[in-house]
Each structure stands twice: as structure tokens, then as C-alpha cells.
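Now for the letters of each chain:
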Amino acid sequence: MELVEESPYRFRIDRHDPMRVPGVVFASRSLLPDAGEDRSLEQVANVATLPGIVDASYAMPDVHWGYGFPIGGVAATDVANGGVVSPGGVGFDISCGVRLLAADLDRDGLRPRLDALMDGLGEATPRGMGRGAVWHLSDRAELDAVLRGGSRYAVERGFGVERDLHRCEDAGAVGDADPARVSERAIERGARQVGSLGSGNHFLEVQAVEEVYDDTAATAFGLRPGQVCVMIHCGSRGLGHQICTDYVRKMEQVMARHGIEVPDRQLACAPVTSAEGRAYLGAMAAAANYARANRQLLADAARKVFARVTGSRLDLVYDISHNLAKIETHGVDGERRALCVHRKGATRALPPGHDDLPDDLRDVGQPVLIPGSMGTGSYVLTGVPGAPAFASTCHGAGRVQSRKQAVRSERGLDPRAQLAARDIAVRGASRRGLAEEMPAAYKDVSAVVAAAEGAGLCRKVARLVPLGVVKG
Ligand code: 5GP
Ligand code: MN
Ligand code: MN
């Protein structure tokens, strides 16, 4: 894949047939994926062939190989001009995302109670592939309420406070969710998992604010140096996975009828305005609400443990997804157009002044939550005016080793002991599960964030370090 270096943090894949637009990769030279090991840049070029795609097929600095679309990819299509929606551009874990809560407690105050806190959080957080969950739904009607109401429904039922919703993307619930478009199989898989982490890469982490780069933004977000925080990363479990599976299959069947050809079957898609496109978006929104309710319930469980063990409160900083397609208005060639913006392993990053921000964040921009790894650190960023890629940035450090490779490179080492040596308490996860998630499996999150900032996608607000982690 030929890359043209446009600037130190921006590379171009020139348009060649059948690409409709160029590819743009935001990264530093050293972060660029190794073409021999990771074919994600080919995927960036493949995405550029989608009908209706505008501007460019974008990759964030944490880009790596994914199903059809790369993880760390952003692509927008023009709804009124044949633009398509593709389930592979959202991913299997629909609305997987991150929620950050800030405690009225400092790390020094927590130290004597950290072990007890981690024990409590470990017990209160259902995790792994199993079926345990915070919530046991009474019937299908209640699941439908979750699919329509997301975090809003969870708060209505007493699992949180009204203020939480002001600090959630979409005020806690995506509109236009259509539970009737969700298959019975998806419902079955999701019914007993509302309020559960899931496996592997998902986690609930106790962190401390290590460094603040922007006092004004940090203060508006409710963050200060030394403060204890909780970061929750999880998504829509089996329900979202099944919806993605169902609609990839459905779109594969109808693509030819819509006159669409793609270079990779995993890019299966349909026009946004077609029956299949609308059905997918309705089901996707339902899964997004499920994911948000999921994070709301886990946050509520964590709050109860915090109150019991430390006597302190947890206030929501923000909740944002990194696997979603959204219909948004953006300027294209000097015109305001409705675009279907796919962000897969990429985070929306609204700039200061944006209408969709709550009043208390209007002047500073949206909190962007970037997990790094359980052994290193994580970041809080914010959006900047005039950014490229439809106000999007990275979503994490991004994998450099497959799970298998990571396990191989940890052979003979004890991941739990390595983390304990760094004073990081771990609950849950098998030895293999931990080995898959060790820092070496991921890129250097500080380098990723520096590249994203250097590329003009976002700005650093704070860096967080791990104190303890409950792993899925
Ligand atoms: P993904 O959504 O792609 O599964 O994961 C997002 C990001 O989370 C990864 O790219 C990685 O940087 C980060 N991550 C994975 N596990 C952990 C963890 O245990 N703690 C923290 N802080 N970050 C993690
Ligand atoms: Mn996920
Ligand atoms: Mn995720």
C-alpha cells in the first residue's frame, strides 16, 4: 500500500480504481501498521469504494485489522445520494464504549481501602462469558423498554440520577430504536446479560488522575489531580453481536439487487434509505440503547460499592460509544449534508460550542475517553474546532498483537504478578485472559494520543493511571 506523507501525522492513500475517495491515515511514522502483519491499510482503501462515501476513508492512529472495516476507521456516506450503511462499519459490539465516573476521593485517601474496594467491585460486577447480570428482566416488554430507553430507562427505574443523562451521549438514549427489527435469537442472547461486562477487553478500572494538561476543561469535566475515578468499558454483549451477524447476512443477499459491488464480502451494505438500511439502523439503535443501559447499571453497582467501602460518591464525567453509525449534518464541499457517519473503534469528539453538548460543557467541548491498557494508563481528551474526519478521534491504544501472539509472548510469565509488582490489583479474568490483555499487546497509548493531537483531531485534558482493574 503506497502512502504519501502529507505531514508528520497525516498520510494519504491516493485514489485508484475502484476507490471513490482517497484514504487518509492519521498516525506517526512509527505507529503506521506493519503491512506484513496487519492489512488494515488495505481495508482503508476497500472502505473508500463504498457507494456515497464522501471526503475520504479515514484511519485513526490506533488503527488495526477488523472485520471488513478496520478498527479505528471512520467513513461517512451521503444519505441523499445513494450513501450506504454497513454493519461491518459499526462492528459486532454495537455501541461498545466507555464511561468515566469521578469520585469525591483522592488516591491517598483510598490506599488503605483499595483491596476491600476491589473485592467489592469484583463481586458486584458480573463478567466473563457467563450469564450473570445486574438486572433480571421480568419479560419481553421490559427488554423492549431497555432497547428504546437505554440509560434513560435505567435511571427511571432508579439505577442512577437525572444528572447522569446530561453527561451521556444522546442524553442516554438513541432515538429511532426499533425493537421489532431485532431477531428472536438476538433477544434470546441479550435477555439475561443486561448489566454485565462481557469478556476479555472489557473492564471496570479504578484509576487516579495523574496529570492535568488543561485546567479549564478538566474542571468543567469534574476532574482534578490525584482524584480517584472509575472507567467502565463494555458494550451490547450477545445482542449486538447477533444483530451484526443477522444484518451482514441480510445485506449480502440484497446488495446485488441494489446494484452494489464491494471488494470484500465483509463490507456488505445497503443504501441508508432502503428497507434493509433502515431496518439495520433501527436494530442498531436498539443495541446501542442496550449498551448504554448496560454501562448505567454497572456504574450504579460500582456506586453502591464505593459508598459502602469508602463513603464517597461517583459523579458521571461522560459516557461515549466508539462503535456506532450516526446520521449527522456536516459541511461537504461548502454544503450542509446529512451523512451516515460510521465510527468503528473511533470516538466522536465534539468541539467547543457544538449544539449537542450539555450547557456545562458547551465552552470546553466533549469529554473523549481513551482507555490505554490495564498496566499503563488512559486519557481524557476533548474535541477541537475545525477538526477533520467529521469530529472523530481514536478509541484506545489499539492492538499490535493478536490474542494468540499476546499469550505466546507472556508464556512462562505470570501476568497477575507483573501487575501486582506495579501495585495494580486485578480481579476476575483467567491467566490466559490477562495474558491476552497485557500492555505489550497494545500500542503505546501516549504515542497514539500524541499523534491524534498532532493531527488536529483532539486535545489532551488529563492522563489517568490504573490502581485496580476488574477484567471481563
Ligand atoms: P476495544 O474497544 O477495541 O476492544 O478496546 C479499546 C481499547 O481499550 C484498546 O485499544 C486498549 O487500548 C484499551 N484496553 C483494553 N483493555 C484495557 C484495560 O484493562 N484497561 C485499560 N485502561 N484499557 C484497556
Ligand atoms: Mn467491545
Ligand atoms: Mn470497545
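- An unreviewed UniProt entry annotates the protein as tRNA-splicing ligase RtcB originating from Micromonospora reichwaldensis.
- Regarding the protein, the relevant UniProt record gives this comment under Catalytic activity (unreviewed entry): "a 3'-end 3'-phospho-ribonucleotide-RNA + a 5'-end dephospho-ribonucleoside-RNA + GTP = a ribonucleotidyl-ribonucleotide-RNA + GMP + diphosphate".
- Turning to the protein, the UniProt annotation filed under Sequence similarities (unreviewed entry) states: "Belongs to the RtcB family."

**A few points about the packing of helix 4 (residues 140-156) against helix 9 (residues 275-310)**
At step 1: Relative orientation of the contacting elements helix 4 and helix 9 amounts to 40 degrees, with a least axis distance of 7 Å. The angle between the axes of helix 4 and helix 9 places the two elements in the oblique class. Crossing hand, helix 4 versus helix 9: left-handed. Packed against helix 4, whose contacting residues are L143, V146, L147, R148, G149, G150, S151, A154 and V155, the element helix 9 presents A285, A286, N289, Y290, R292, A293, Q296 and L297 at the interface.
At step 2: Its residues assigned to classes, the contact of helix 4 with helix 9 shows 10 nonpolar, five polar and two charged.

**Topic: the environment of T216**
At step 1: Structurally, T216 can be placed in helix 7 (residues 215-221).
At step 2: When the C-alpha positions of T216 and V364 are compared, they lie 7.7 Å apart, and in sequence the two are 148 residues distant.

**Things to note about the confidence of the model for the protein**
Caution is warranted with low-pLDDT regions, since their predicted coordinates should not be read in detail.
At step 1: Overall, the predicted model of the protein reaches an average pLDDT of 96, with 100% of residues at or above 70.
At step 2: Mean pLDDT across the elements of the protein bottoms out in helix 12 (residues 431-436) (90) and peaks in strand 16 (residues 378-382) (99).

**Looking at the coordination of the manganese ion (ligand 3)**
At step 1: Coordination of the manganese ion (ligand 3) by the protein is provided by C96 (SG), H233 (NE2) and H322 (NE2), with metal-donor distances spanning 2.1 to 2.4 Å.
At step 2: Site description for the manganese ion (ligand 3): donor spacing in sequence, C-x136-H-x88-H.
At step 3: The distance between the manganese ion (ligand 3) and the manganese ion (ligand 2) comes to 3.4 Å, with C96 serving as a donor to both metals. Linking C96 in the loop between strand 6 (84-85) and strand 7 (97-106) with H233 in strand 9 (residues 227-234), this pair joins segments that are 137 residues apart in sequence. For the pair C96 and H233, a shared accessibility class is recorded, and that class is buried.

**A short note on the site of ligand 1**
At step 1: Around ligand 1, the structure places 17 residues, and the nearest of them are N201, E205, G372, H395 and K471.
At step 2: A distance of 2.8 Å separates an oxygen atom of ligand 1 from a polar atom in the backbone of A397.
At step 3: G398 places a main-chain nitrogen or oxygen 3.0 Å from an oxygen atom of ligand 1.
At step 4: Expressed as a share of its isolated accessible area of 510 Å², the protein-covered part of ligand 1 is 94%.

**Remarks on the coordination of the manganese ion (ligand 2)**
For a metal with four donors in a tetrahedral arrangement, the ideal angle between donors is 109.5 degrees, while six donors in an octahedron ideally sit at 90 or 180 degrees.
At step 1: Each protein donor to the manganese ion (ligand 2) is listed here as D93 (OD), C96 (SG) and H202 (NE2); together their distances run 2.1 to 2.4 Å.
At step 2: Read N to C, the donor residues that coordinate the manganese ion (ligand 2) are spaced as D-x2-C-x105-H.

**Comments concerning the sheet that holds strand 1 (residues 4-7)**
Two pairing modes exist for strands in a sheet, parallel and antiparallel, and in both the strands are linked by backbone hydrogen bonds.
At step 1: Strands sit in the order 1-2-3-4-5-13-12 across an open sheet of seven strands; the sheet is mixed. Edge positions in the open sheet fall to strand 1 and strand 12 (323-332), since each of these has one partner strand only. Here the strands of the sheet are splayed against their neighbours by 25 degrees on average, with no regard to which way each runs.
At step 2: Inspection of the sheet shows strand 4 (residues 57-64) paired to strand 5 (residues 71-78) by three bridges, in the antiparallel sense. Within strand 5, the residue paired with H64 across the bridge is I71.
At step 3: Helix-sheet contacts for helix 1 (residues 40-47) involve strand 2 (10-13), strand 3 (23-26), strand 4 and strand 5, and the interaxial angle to strand 4 is about 160 degrees.

**So, the environment of A291**
At step 1: Following the sequence through the fold, A291 ends up in helix 9.
At step 2: For the pair formed by A291 and I94, sequence separation is 197 residues and the distance between their alpha carbons is 7.5 Å.
At step 3: Other than its neighbours up to four places away in sequence, A291 contacts I94, S95, G235 and S236.

**A word on the packing of aromatic side chains**
At step 1: Overall, the coordinates contain seven aromatic pairs when judged by the stated rule.
At step 2: Look at F26 and Y58: their rings are 5.7 Å apart centre to centre, the planes differ by 10 degrees, and that puts the pair in the stacked class. Here F26 is found in strand 3, whereas its partner Y58 is found in strand 4, with 32 residues between them in sequence.
At step 3: The buried category is assigned to F26, whose relative accessible area is 0%.
At step 4: A residue is classified by how much of its surface remains accessible, and Y58, at 4% relative accessible area, is buried.
At step 5: Pairwise contacts between aromatic rings join F26, Y58 and F390 into one cluster.
At step 6: The ring of Y247 is capped by K250, whose NZ or CZ atom sits 4.7 Å from the centre of that ring.
At step 7: In this structure, K460 packs its charged tip against the face of Y213, placed 4.3 Å from the ring centre.

Rules used in this analysis
- Numbering of residues begins from 1 in every chain and follows the order in which that chain's sequence is written.
- A letter from A marks each chain and a number from 1 marks each ligand, given out in the order of writing.
- The predicted origin of the model limits local features to residues at a pLDDT of at least 70 and limits the giving and counting of side-chain atom pairs to 80 or more, whereas totals for whole chains, interfaces and linings rest on all residues.
- Where side-chain values are given, they derive from all heavy atoms of the structure, hydrogens and water being excluded.
- UniProt positions are given in the numbering used here, feature names are shortened, and annotations may be inferred rather than shown by experiment.
- To define axes, lines are fitted to C-alpha atoms, for helices over the stretch in contact only, and angles between the resulting N-to-C directions are given on a 0 to 180 degree scale.
- Every helix listed is a DSSP run of H or I at least four residues long, and every strand listed is a run of E at least two residues long, numbered separately from the N terminus.
- An angle below 35 degrees is read as roughly parallel, one above 145 as roughly antiparallel, one from 65 to 115 as roughly perpendicular, and any other as oblique.
- Handedness of each helix crossing follows the sense of rotation of the near helix against the far helix: counterclockwise by less than a right angle gives left-handed, clockwise gives right-handed.
- The contact definition used throughout considers only heavy atoms, calling two residues in contact when any of these lie within 4.5 Å.
- Here the term charged refers only to Asp, Glu, Lys and Arg, the term nonpolar to Ala, Val, Leu, Ile, Met, Phe, Trp, Tyr, Cys and Pro, and the term polar to all other amino acids, Gly among them.
- Across the chain, each position has a pLDDT score giving the predictor's confidence in that residue, from 0 to 100.
- Counted as donors are N, O and S atoms no farther than 2.8 Å from the metal, or 3.2 Å for Na, K and Ca; water is not among the atoms, and sites may therefore look incomplete.
- Burial classes: relative accessible area under 20% of the type maximum marks a residue as buried, over 50% as exposed, and values in between as partly exposed (1.4 Å probe, protein chains only).
- Whether a residue is near a molecule or strand depends on its heavy atoms: it is near if one of them lies within 4 Å of it.
- Distance and chemistry together define a polar contact, namely a pair of N or O atoms within 3.5 Å, with one atom able to donate a hydrogen and the other to accept it when in protein, and with adjacent residues in sequence counting only for side-chain atoms on both sides.
- Each accessible area is a Shrake-Rupley result for a 1.4 Å probe, and residues are judged covered by the shown protein chains and nothing else.
- DSSP-based pairing: two strands are paired if at least 2 bridges between them are found.
- Each Phe, Tyr or Trp ring, with Trp reduced to its six-membered ring, pairs with another whose centre is within 6.5 Å; inter-plane angles below 30 degrees give stacked pairs, above 60 give edge-to-face pairs, and intermediate values give tilted ones.
- Note on criteria: charge over ring means Lys NZ or Arg CZ within 6 Å of the ring centre, with the direction from the centre no more than 35 degrees off the ring normal.

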